[in-house]
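Results of the structural survey
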Amino acid sequence: MAIPPNQPSPTPSLNPPRKPLVRVLLLTVICSLSYFLGFYKSITPTPPQSPLCLLHLKNLTTAHQNPPQPLNFEPHHSLSLPPKTQEDFFPFCPHNFTNYCPCQDPYRETQFNTSRLFHRERHCPKKNETLRCLVRNPAGYRRPFLWPKSRDYAWFNNVPFPRLTVFKKKQNWVRLERDRLFFPGGGTSFTMGVKGYISEMNRIVPLKSGSVRTVLDVGCGVASFGAALMDYNILTMSIAPRDIHEGQVQFALERGLLAMLGILSVHRLPYPSRSFDMAHCSRCLVPWTAYDGLFLMEIDRVLRPGGYWVLSGPPINWRAHYKGWERTPRDLENEQQNLEDLARKLCWKKIKEMGPIAVWQKPTNHIHCAQKLKTWKAPKFCVDADPDAGWYRKMDACITPLPEVKNIRDTSGGAIEKWPKRLNTVPQRIRIGAIVGVTIRTFNEDNQLWKRRVSYYGSVLKSLFVGQYRNIMDMNAGIGGFAAALVNYPVWVMNVVPSDAKNNTLAIIYERGLIGTYMNWCEPFSTYPRTYDLLHADGLFSMYNDKCDILDILFEMYRILRPHGAIVVRDHVDTIMKVKGITDRMRWNGKHFEAGNRLKGQKWACIGDVIDLPVYDGLAESECVNARKLGRRRDIE
């Protein structure tokens, strides 16, 4: 601006803030003061928000005087949102899907060949056929009886299938008494009851010695055989197909017994080689000598060296029973002769035939067997490079070779300790380094780690150790540490090893005297709805994040979980929050908890993220079972 003539020149201002440099300095001072004030407040400890947190912080101070505060992933600011509507939740399935088994659907099985009962194997829906809805409870559903009462009783409305009570009435499998089912322990071959049957078997097989711990029961019925073996501290994998008797396996699981849908058909059973100490068939209607002995060779594959095969029913003791079986003596005599010949070709030794029971024993090694097979045209040893493969692997009419030994008295694969010592004895497959990354040291560390974790689970799930949760599944079982930590409680654990896991550890689990199966979690499991009380998923969702939609895994978990059941999810925090968002839409109540992990520092854990499935088909959150009011706590590992 020009200065008018005859006007004095303006003098410089004496106000410092108008100078740019002074402004910058003043702003810097103000920002610095704000930063230090905020930093001081951030390091000031805040009081714990719950008694659990306080308890844990006291424990931590013994090891560190300034324990880190638990990270909080909940939003710190929130807006009042309108209540959720029905459209915010996933829909319920139609009522006729109450007992839906996706991979054993009787409508789908009509599309497949009936030869060798292939139509009754697993045939899962394609991706575009996947049912994304919540399976309903049957009308009048009630909480199952607690163990051990559930071994003898079940509510009829939970498994409303009267056909077995009619078809098997004379054999005393199950009786309907008003509103409940009673399982007296009868069976097709259990004329003296199952306890008398096993007592006879114990005269031949050393059931009380601890050398028999894992048993496979083929064609299990309602699993009364497996129920009675529990008195001997023996775990039984009971399998049967979905057949005209409807829910045999469902009855077994409702009773709190270990069972799954399965059949000898085209593919191998979903178990590794050398898994079971004993295999059993009580009139299971399997044509053992057909197809070049294929099915008995599969039993030989999964049977441990020195293990027992027990058979009752046709053709055993045919002279006394041929009239009741409505078969001719000559037909039954030929069948038994063919069976005896096949067993000899497998190098099995017949221990004894007494009354309705015959018992064979598998050799402890194949030194003599290899010499005998050279003189016979068939069968031959398999050349399969992986005898443990059991997921959609076709059976072959050949003998699975045992690991080589130097001495005729040695046991292939190493001798197994008797139960219960074998649970914590380092398995032979680990000793020889068969599993990458699993050593004697990591095995022992894993045992101690899961003891601490399970102890903490008990503080979250108050009923874990008192029988509230009977049927438990570990969906990514590793080497079985979770199940081993629960072995002294009134539960059983189905240890599932994903077929596409980095390491195949299922054989280790069986060597420890535990039970399990292979599984691909991009498909549904071979069981009925509402058959498990607790599902444990350690790192499962991260493992399948890029393989299939985890939403489908959660729908499957909803299907197989009992009302009032719980799931435990341990995973990365971002995965946990994703899972939590989905389960909220399933009307589940959940809490998440933090866990540090010294062994896997980048991995976060969530405990009890989905707790208490509603017992009825409510349509609003208010109808769900109240979530447990639990505070946060950092897991000690």
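Structure's up top.
In this text, all values refer to a predicted model and were calculated from it rather than measured experimentally.

Cut-off values and rules
- Residues numbered from 1 in each chain as written.
- Predicted model: local features only at pLDDT ≥ 70, side-chain atom pairs only at ≥ 80, totals over all residues.
- Heavy atoms only, no water.
- Helix = DSSP H or I, 4+ residues; strand = E, 2+ residues; numbered from the N terminus.
- Buried < 20%, exposed > 50% of the residue type's maximum accessible area, 1.4 Å probe, protein only.
- Contact = heavy atoms within 4.5 Å.
- Pairing = 2+ DSSP bridges.
- Axes fitted to C-alpha atoms, helices over the stretch in contact; angles between N-to-C directions.
- Core = buried A, V, L, I, M, F, W, Y, C linked by side-chain atoms within 4.5 Å.
- Parallel < 35°, antiparallel > 145°, perpendicular 65-115°, else oblique.
- Left-handed = near helix turned anticlockwise from the far one by under 90°.
- Nonpolar A, V, L, I, M, F, W, Y, C, P; charged D, E, K, R; others polar.
- Phe/Tyr/Trp six-rings, centres within 6.5 Å; stacked < 30°, edge-to-face > 60°.
- Lys NZ or Arg CZ within 6 Å of the ring centre and 35° of its normal.
- Right-handed = clockwise from strand over helix to strand, strands pointing away.
- Disulfide = S-S within 2.5 Å.

Points about the overall build of the protein chain
The secondary structure content of the protein chain amounts to 17 helices and 18 strands. The 637 residues of the protein chain split such that 52% are buried. Of the contacts formed within the protein chain by residues at least 6 apart in sequence, a portion of 70% connects residues at least 24 apart.

Brief notes about unusual backbone geometry
The omega torsion across Trp147 and Pro148 is 10°, close enough to zero to call that bond cis. Looking at the secondary structure, you find Pro148 in the loop between α2 (51-61) and β1 (153-155). For the bond running from Trp419 to Pro420, omega is 10°, close enough to zero to count as cis. Backbone geometry places Leu285, a non-glycine residue, at a positive phi of 65°. Looking at the element boundaries, Leu285 is found in the loop between β7 (276-282) and α7 (294-302). Located in the positive-phi region is Arg587, a residue other than glycine, with phi close to 70°. Position of Arg587 relative to the elements: it lies in the loop between α17 (573-584) and β16 (594-595). Judged by its relative accessible area of 3%, Arg587 falls in the buried class.

Section: the sheet that holds β7
Strand order in the open sheet formed by seven strands is β6-β5-β4-β7-β8-β10-β9, and the pairing between neighbours is mixed. The sheet is open, and its two edges are formed by β6 (259-261) and β9 (349-354), each paired on a single side. Going from strand to strand, the sheet's axes swing by 20° on average, the running direction of each strand aside. Contacts between α7 and the sheet are confined to β4 (214-218), β7 and β8 (303-312), with β8 contributing the most and set at about 135° to the helix.

Observations regarding the nonpolar core
Within the largest apolar cluster, 114 residues are counted, with the highest numbers of intra-cluster contacts made by Leu216, Met237, Trp288, Trp309, Met473, Met494 and Trp521. With eight residues, the single largest contributor to this core is helix α16 (residues 550-560). When neighbours within four sequence positions are excluded, Trp309 is seen to be in contact with Ala279, Trp288, Leu296, Ile299, Leu303, Leu339, Trp348, Ala358, Val359 and Trp360.

With respect to the packing of α16 against α17
Between α16 and α17, whose axes approach to 11 Å, the crossing angle comes to 55°. Classified by the angle their axes make, α16 and α17 are oblique. Of the two elements, α16 crosses α17, and the hand of that crossing is right-handed. Two secondary-structure elements touch here, α16 through Ile550, Leu551 and Leu554 and α17 through Lys578, Val579, Ile582 and Thr583. Per-class residue counts for the contact of α16 with α17 are five nonpolar, one polar and one charged.

Things to note about the packing of aromatic side chains
Going through the model one piece at a time under the given rule, you end up with 25 aromatic pairs. Centroid distance Tyr271 to Tyr510: 6.5 Å. Interplanar angle 65°. Geometry classified as edge-to-face. Separated by 239 residues along the polypeptide, Tyr271 in the loop between β6 and β7 and Tyr510 in helix α14 (residues 506-511) bring together distant segments of the chain. For the ring pair Trp288 and Trp309, a centre distance of 5.3 Å and an interplane angle of 80° mean the geometry is edge-to-face. Separated by 21 residues along the polypeptide, Trp288 in the loop between β7 and α7 and Trp309 in strand β8 bring together distant segments of the chain. Taken individually, Trp288 and Trp309 each receive the classification buried, so the pair is uniform in this respect. Taken together, the aromatic side chains of Phe145, Tyr153, Trp155 and Phe182 make up a single cluster linked through ring pairs. A cation over an aromatic ring shows up here: Arg213 above the ring of Trp419, its NZ or CZ 3.6 Å from the ring centre.

Topic: the pairing of β8
Burial of β8 is extensive: ten of the ten residues sit out of reach of the surface. The pairing of β7 with β8 spans six bridges and is classified as parallel. Counted as the bridge partner of Phe276 is Leu303 from β8. In this region the chain leaves β7, passes through α7 and returns to the parallel neighbour β8; the handedness of that crossover is right-handed. For β8 and strand β10 (residues 357-361), the ladder comprises five bridges, and the chain directions are antiparallel. Residue pairing for β10: Val310 is matched across the bridge by Val359.

Brief notes about the state of the cysteines
The full count for this structure, using the stated rule, is six disulfides. What pairs with Cys93 in a disulfide is Cys133, and their sulfur atoms sit 2.0 Å apart. Between Cys93 and Cys133 the sulfur-sulfur dihedral comes to about 100°; the bridge is accordingly right-handed. One end of the pair, Cys93, is in the loop between α2 and β1; the other, Cys133, is in the loop between α2 and β1, and 40 residues separate them in sequence. By the burial criterion, Cys93 is buried, and Cys133 matches it. Covalent S-S linkage joins Cys103 and Cys124, the inter-sulfur distance amounting to 2.0 Å. Sign of the S-S torsion, about 105° for the bond between Cys103 and Cys124, identifies this disulfide as right-handed. Taken together, the positions of Cys103 in the loop between α2 and β1 and Cys124 in the loop between α2 and β1 put the pair 21 residues apart, joining distant regions of the chain. Of the residues examined, Cys103 reaches a relative accessible area of 1% and is grouped as buried. Numbered by position along the chain, the disulfide-linked cysteines of the protein chain connect as 1-4, 2-3, 5-6, 7-8, 9-10, 11-12. Considering cysteine sulfurs only, Cys103 is the nearest to Cys101, which forms no disulfide, with 9.1 Å between them. Looking at Cys101, the relative accessible area reads 1%, which means it is buried.

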